[in-house]
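So you can see what is in the structure, the chains are spelled out below.
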Amino acid sequence: MHIPDNFLSPPVWATLDAVSIPAVGLMVRQAGRELEDRRIPLLGVMGAFVFAAQMINFPVGPGTSGHLVGGALLACTLGAAPASIVMTAILITQALIFQDGGVLALGANVFNMAIAGVFVGYLPFKLWGATRGRRMAIFAGAVLSVVVSAFLALSELLLSGVRIPRAVLLISVLLFLVSGLLEGAITVTVVQGIQRLNTAWVQKPGSSNRALAALGGAAALLVVVGFVIASAQPDGILRLGAQLGIVSNPVYRAPLADYAAPFLQSNWQQKAAAGLMGLLLIYGLCVVFGRLIARRRSA
């Protein structure tokens with residue numbers, strides 16, 4: 001789902017960069033109205049969990065993998081605007097530190113996943129999440145978040161002049177739909193697990209230390225051992241690029257590219273250390289952003 005550099009034309013990525021900056025600014029203002037001080041640690045924990053989950057790819061078709069995007073999960077637990085800020089922090093960290101998604105294409109990825117994906121994923125939960133159809137609302141939102149983000153990514157490639165044969169385009173759409181269905185199932189499972197830990201967590205003030213610790217521990221476990229069972233196949237966008245002969249051309253070499261700490265010896269140590277550093281960085285960024293938003297509100 002993360003678009004690398006050299007996939008989009010300069011007019012497309014520059015336009016989306018220009019659109020995403022004020023859009024994130026609006027989300028910051030809205031989050032300031034919604035976010036309570038005692039929920040700030042929740043931003044960090046949820047951001048760390050989604051970051052960890054995104055590292056684990058699962059097969060969705062021959063030679064293609066997918067991973068949890070997490071937009072709907074964040075929206076259901078934090079609210080749309082705070083979720084958008086957390087997802088933006090994740091995407092910035094992935095691009096600058098782990099070379100996951102292009103730096104020039106960062107505006108496109110933020111728009112697709114942190115803005116459009118989050119708000120489309122939140123819409124069913126907002127409309128009927130308080131009814132008996134709560135599970136279906138969460139599931140539908142998660143599916144929609146992936147499908148809409150994928151549709152936008154494919155549209156941006158087409159606008160960039162990338163010629164995608166009809167058969168390849170149809171297969172890509174089908175694979176993204178499969179990813180969306182898996183995203184829906186995972187999101188419902190995680191939200192139900194969170195509610196068992198603390199029934200007052202989802203979309204209500206406060207959060208228990210027990211629930212925060214459990215989710216933080218799950219995130220650490222995912223980054224330490226999850227990659228062992230993760231699929232090594234490329235995700236949908238990278239697979240499509242390979243089929244079309246598009247080669248990523250990063251604008252710089254990230255320090256922990258490919259989620260590996262190069263100063264360690266074994267592959268397990270490299271992956272585990274990079275993942276744990278990413279968790280701490282995401283947690284810190286989200287908490288700092290939350291406190292800055294709260295301070296701005298009280299000023």
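In what follows, the structure referred to is the one given above.
What counts as what
- Residues numbered from 1 in each chain as written.
- Predicted model: local features only at pLDDT ≥ 70, side-chain atom pairs only at ≥ 80, totals over all residues.
- Heavy atoms only, no water.
- Axes fitted to C-alpha atoms, helices over the stretch in contact; angles between N-to-C directions.
- Helix = DSSP H or I, 4+ residues; strand = E, 2+ residues; numbered from the N terminus.
- Parallel < 35°, antiparallel > 145°, perpendicular 65-115°, else oblique.
- Left-handed = near helix turned anticlockwise from the far one by under 90°.
- Contact = heavy atoms within 4.5 Å.
- Nonpolar A, V, L, I, M, F, W, Y, C, P; charged D, E, K, R; others polar.
- Phe/Tyr/Trp six-rings, centres within 6.5 Å; stacked < 30°, edge-to-face > 60°.
- Buried < 20%, exposed > 50% of the residue type's maximum accessible area, 1.4 Å probe, protein only.
- Lys, Arg positive; Asp, Glu negative; His and termini not counted.
- Salt bridge = Lys/Arg side-chain N within 4 Å of Asp/Glu carboxyl O.
- Polar contact = N/O pair within 3.5 Å; in protein donor to acceptor, adjacent residues only side chain to side chain.
- Patch = residues over 30% accessible without salt bridge, like charges linked within 9 Å, V, L, I, M, F, W, Y side chains within 5 Å.
- Areas by Shrake-Rupley, 256 points an atom, 1.4 Å probe, with all protein chains shown as cover.
- Disulfide = S-S within 2.5 Å.

Contact pair helix 3 (residues 71–78) / helix 4 (residues 80–97): the axes reach a minimum separation of 7 Å and the direction vectors enclose 135 degrees. In terms of axis orientation, helix 3 runs oblique to helix 4. As helix 3 runs across helix 4, the sense of the crossing is right-handed. Two secondary-structure elements touch here, helix 3 through Gly71, Leu74, Ala75 and Leu78 and helix 4 through Ala80, Pro82, Ala83, Val86 and Met87. Per-class residue counts for the contact of helix 3 with helix 4 are eight nonpolar, one polar and no charged.

Here we come to the packing of aromatic side chains. Inspection of every chain in the model, using the stated rule, returns four aromatic pairs. Between the aromatic rings of Tyr122 and Phe125, the centroid separation amounts to 6.1 Å while the plane-to-plane angle is 40 degrees, which identifies the pairing as tilted. Residue Tyr122 and its partner Phe125 are located together in helix 5 (residues 106–128), separated by three residues, close to a single helical turn. Phe125 matches Tyr122 in its accessibility class, with the two residues each being buried. By the ring-pair criterion, three or more aromatic residues cluster together here, those being Phe51, Phe98 and Tyr259.

Note on placement: Asp235 falls in the loop between helix 8 (209–229) and helix 9 (236–244). Buried Asp235, no salt bridge; nearest opposite-charge side chain is Arg239, N-O distance 9.7 Å. There is a polar contact of 3.0 Å between the side chain of Asp235 and the backbone nitrogen of Leu238. For Asp235, the residues in contact, after removing those within four places along its chain, are Met1, His2, Asn57, Thr64, Ser65 and His67.

All right, on to the environment of Ile85 then. Following the sequence through the fold, Ile85 ends up in helix 4. The exposure class of Ile85 is buried, given its relative accessible area of 10%. Sequence separation between Ile85 and Ala273 is 188 residues, and the spatial gap between their C-alpha atoms is 25 Å. Leaving out residues up to four positions away in the same chain, Ile85 has contacts with Val24, Met27, Val28, Ala31, Phe289 and Ile293.

The subject of this paragraph is a nonpolar patch on the surface. Judged by side-chain polarity, Ile92, Leu96, Leu104, Val251 and Tyr252 come together as a nonpolar surface patch covering roughly 360 Å² of accessible area. The residue Tyr252 is located in the loop between helix 9 and helix 10 (267–298) in this model. Residue Tyr252 is classed as partly exposed on the basis of its relative accessible area of 34%.

Another aspect to go through is the state of the cysteines. One pass over the structure, following the stated rule, counts zero disulfides. Note on Cys76: no disulfide assigned, nearest cysteine sulfur contributed by Cys286 at a separation of 17 Å. Take Cys76: its relative accessible area is 0%, and that puts it in the buried class.

Before going further, it helps to spend a moment on the packing of helix 1 (residues 10–34) against helix 4. Their axes nearest at 8 Å, the elements helix 1 and helix 4 cross at an angle of 130 degrees. Viewed along their axes, helix 1 and helix 4 adopt a mutual orientation that is oblique. Note on packing geometry: the crossing formed by helix 1 with helix 4 is left-handed. Contact with helix 1, carried on its side by Val24, Met27, Val28, Gln30, Ala31 and Glu34, involves Ala80, Ala81, Pro82, Ser84, Ile85 and Thr88 of helix 4 and no other residues of that element. Partitioned by chemical class, the residues of the contact of helix 1 with helix 4 number eight nonpolar, three polar and one charged.

In short, geometric facts, not functional conclusions.
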